[in-house]
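# Observations on chain architecture
Next come the chains, spelled out residue by residue.
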Amino acid sequence: MKSIQMKFVLFIVVYIALILLVSCSNQLTSMTNKEVKYLIGVSQPNLIEPWRVVMNDEIKQYADTYSDLRVIFTDGGNDSKQQEEDLYKLMGFGIDILIVSLDDPILLTPTIAKIYSKIPVIVLGRGVTGYDYTLYIGTDNRLIGSKAAEYAKQLLGTEDNRIVEILGLQGSPTVEERSEGFREALLDRPDIAITQSIYADWQRDKSEDELTSSLETETDIDLIFAHNDAMALGASLALKNKGLSGVKIIGVDGVKGENGGLNLVKDGTLIGTFTSPTGGGEAIRYALDILNKEKGIPKKIILRSHQITGGNINVYEEMQSSAQRKPIRLITEAEPIKIGFAQVGVEGGWRLAHTNSVITAAKEEGIELLYENAFLQQDKQIEIIRKFIASKVDFIVFSPVVKTGWDEVLQEAKLAGIPVILSDREVKVSDDSLWTSYIGSDFVEEGRRSARWLIQEMKDVTEPVNIVELQGTKGSDPAVGRKQGFEEIINNELDYSIVQSLQGDFTIETGKQLMLEALANYGSDIDVVYSHNDDMALGAVEAIEQYGLKPGKDIKIISIDATRAALKALGIGKLSFVVECNPLLGPQLMKAVKDYMAGKELPMKIITSEGVFTQETAKRALATWEY
Ligand code: GYE
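A few words on the overall build of the chain. When helices and strands are tallied, the chain shows 21 helices and 25 strands. Taken over C-alpha atoms, the radius of gyration comes to 26 Å for the chain, in line with the 25 Å a tight globule of 627 residues would show. Taken along the three principal axes of its C-alpha coordinates, the chain extends 75 × 70 × 65 Å. Residues classed as buried in the chain amount to 56% of the 627 residues present. Residue pairs in contact within the chain that sit at least 24 positions apart in sequence constitute 75% of those at least 6 positions apart. As displayed, the chain offers around 26600 Å² of accessible surface, 51% of which is attributable to carbon and sulfur atoms.

Printed below as a string of structure tokens:
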């Protein structure tokens, strides 16, 4: 890294050059003579969308509270080539970290990956594929789509309903996810048809023009779902020009400002919108944590989307105003924060590390922790949660044994005003306001990573590949996600088949027993074991040895967790590949609890950052590995 002085001199030179050269669309924050510790580059694909203007405002506002931060903003003028040039220009200025929001993920993801090999990169809001970035901050777009559909279903009658969907930029993952979420949630309503899909590139004018021309031939529309408020506004203009009224319009974004979604809901242009927080403030907060090399930086922050309608907009705006963000209660030594922690079980190495991490972190933060264990039984876990509600804890934290069946008890917690944090596993409930935050891994991605490695590893093999899958607890979030992600990738490969998929419970014993069963059926025809966790993989190692074959050689073994025991086995070649799933969630959990008690809104999901291990990297990692 260049010295700070050098960087400052360079910055001054660049600044002067910029004033002379940079197109007027690029903006710079004001400069003072104070020493610049960190230079942050912010690259936007355009500043036509109000949502992006708000994002920059939030970044600026937050960055301005630090006198040693400088931010350079660029505006790609809605042209990916221009944005690519901007990115290299920012690199030329010697930025320490890049904050980037993209429009065209296909063109720019490789550039982002290249930059990420040199400096940390925070991707904001929309679109980047793969995993080559430091941190992503955005919303759950599939969820936004499905919430919009649920709302549309409420708004429409029961017969012959026609919806026009106005989408953002074609090919963007954000657009695909919003659209898929929307369409999937409409499947149970055969009376609703999406009669038209219009791609309007997130732009108001394009939406207005496209809809205007389609209204020439078809005016029978009941509802419009636009992927952002700008396009929703464009659609409303087209309808107005045509003299059509009564079409309900739902948008997404819900930002402040003249043409922002909040105003559009207030003046009745939109029937409702779903907020898509820009994450600008969070980006600066995390940029500083990254630059200061803080531990435990997550991989993804998913912000909560709120449904805004005429009925709740005032309450929402009040909630957002900073005056409302007061500490929840006074915390003293006599009355510390009190957490009830309903642990799922003692099933293996990962779980023990997780339990210890939570207990230790609570102690370090002076937080009182009531700890109880459900030993893999849902009834018991529900009973424990009820006990915590009765003891009036400040927080309930639990790792749900399975995904479903929690509505009732979580409703009770909500009624008692006790926020719930899901640690390391998610739930599936009808109302996502029943839980406050999820802290853990992306299980689907873990499954994909396992499959991608396998395909790479087997690329020269011409024979069919026979896989045995050892699944974790039936209906648990990690088992469901790891299966789904693995299958998603494997299903594209004609020669790969999962010959047997057996149901375990994440313990070494079930791993061994299930593997013996698979060996009895398929013997040496098995090429690969894909195990949903390390304990079951280590059980499979024992079974394969007992059967007289060599684990890791005759049969490759892929596993998830990366406990020390698994890394050791990988180091000596008994396992083949291990995907990390980090159990050391205690510190992040305590941070979230303290933030909440201080009056901050928590992200909906905090997804931990994780690596993968081969034999070589496992040996090296073991020297310092903590769990
Ligand atoms: O992978 C497994 C444990 O929920 C992420 O549960 C956790 C999983 C972990 O039993 O070993």
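Alright, that's what it looks like, and here's the rest.
Moving on: the pattern of salt bridges. Using the criterion set out here, one finds 44 salt bridges in the structure. A salt bridge links arginine 183 to glutamate 165; its shortest N-O distance comes to 2.6 Å. Highlighted residues: arginine 183 in helix 6 (residues 173-186) and glutamate 165 in strand 7 (residues 161-167), separated in sequence by 18 residues. A relative accessible area of 0% means that glutamate 165 is categorised as buried. Residues arginine 482 and aspartate 561 are paired through a salt bridge, measuring 3.9 Å at the closest nitrogen-oxygen approach. Separated by 79 residues along the polypeptide, arginine 482 in helix 16 (residues 477-490) and aspartate 561 in strand 22 (residues 556-561) bring together distant segments of the chain. A residue is classified by how much of its surface remains accessible, and arginine 482, at 3% relative accessible area, is buried.

In this section: the site of the ligand. The local shell around the ligand consists of Glu347, Trp350, Arg351, Asp424, Arg425, Phe443, Pro478, Arg482, Phe506, Asn533, Asp561 and Cys581. Aspartate 424 is positioned such that a nitrogen or oxygen atom in its side chain is 2.6 Å from an oxygen atom of the ligand. The side chain of aspartate 561 places a nitrogen or oxygen atom 2.6 Å from an oxygen atom of the ligand. Out of a free accessible area of 300 Å², the ligand has 99% covered by protein chains.

Turning our eyes to something else, we now look at the environment of isoleucine 72. For isoleucine 72, the position within the fold is in strand 3 (residues 69-75). Relative accessible area serves as the criterion here: at 2%, isoleucine 72 is assigned to the buried category. Linking isoleucine 72 and threonine 473, residues 401 residues apart in sequence, is a C-alpha distance of 49 Å.

For the rest of this paragraph, the subject is the sheet that holds strand 19 (residues 465-471). One open sheet accounts for 6 strands, arranged 20-19-21-22-23-25; its pairing is mixed. Both edges of this open sheet fall to strand 20 (496-503) and strand 25 (612-613), since each of them pairs with a single strand only. The sheet contacts of helix 17 (residues 508-522) involve strand 19, strand 20 and strand 21 (528-531), and relative to strand 20 the element is tilted by about 135 degrees.

Direction vectors running N to C along helix 15 (residues 443-457) and helix 16 enclose 40 degrees, while the axes themselves pass 6 Å from each other. For the element pair helix 15 and helix 16, the recorded crossing hand is right-handed. Contact residues: Phe443, Val444, Glu446, Gly447, Arg448, Ser450, Ala451, Arg452, Leu454 and Ile455 in helix 15; Asp477, Pro478, Gly481, Arg482, Gln484, Gly485, Phe486, Glu488, Ile489 and Ile490 in helix 16.

Let's shift gears to helix 21 (residues 615-622). Turning to helix 21, its buried residues are Ala618, Ala621 and Leu622. Buried residues of helix 21, seen end-on, are gathered within an arc of 100 degrees and therefore sit on one face of the element. Elements that come into contact with the buried residues of helix 21 comprise helix 19 (564-571) and strand 25.

Calculation criteria
Residues numbered from 1 in each chain as written. Predicted model: local features only at pLDDT ≥ 70, side-chain atom pairs only at ≥ 80, totals over all residues. Heavy atoms only, no water. Helix = DSSP H or I, 4+ residues; strand = E, 2+ residues; numbered from the N terminus. Rg over C-alpha atoms; globule rule 2.2 N^0.38 Å. Buried < 20%, exposed > 50% of the residue type's maximum accessible area, 1.4 Å probe, protein only. Contact = heavy atoms within 4.5 Å. Areas by Shrake-Rupley, 256 points an atom, 1.4 Å probe, with all protein chains shown as cover. Salt bridge = Lys/Arg side-chain N within 4 Å of Asp/Glu carboxyl O. Near = heavy atom within 4 Å. Polar contact = N/O pair within 3.5 Å; in protein donor to acceptor, adjacent residues only side chain to side chain. Pairing = 2+ DSSP bridges. Axes fitted to C-alpha atoms, helices over the stretch in contact; angles between N-to-C directions. Left-handed = near helix turned anticlockwise from the far one by under 90°. Arc of directions from axis to C-beta.

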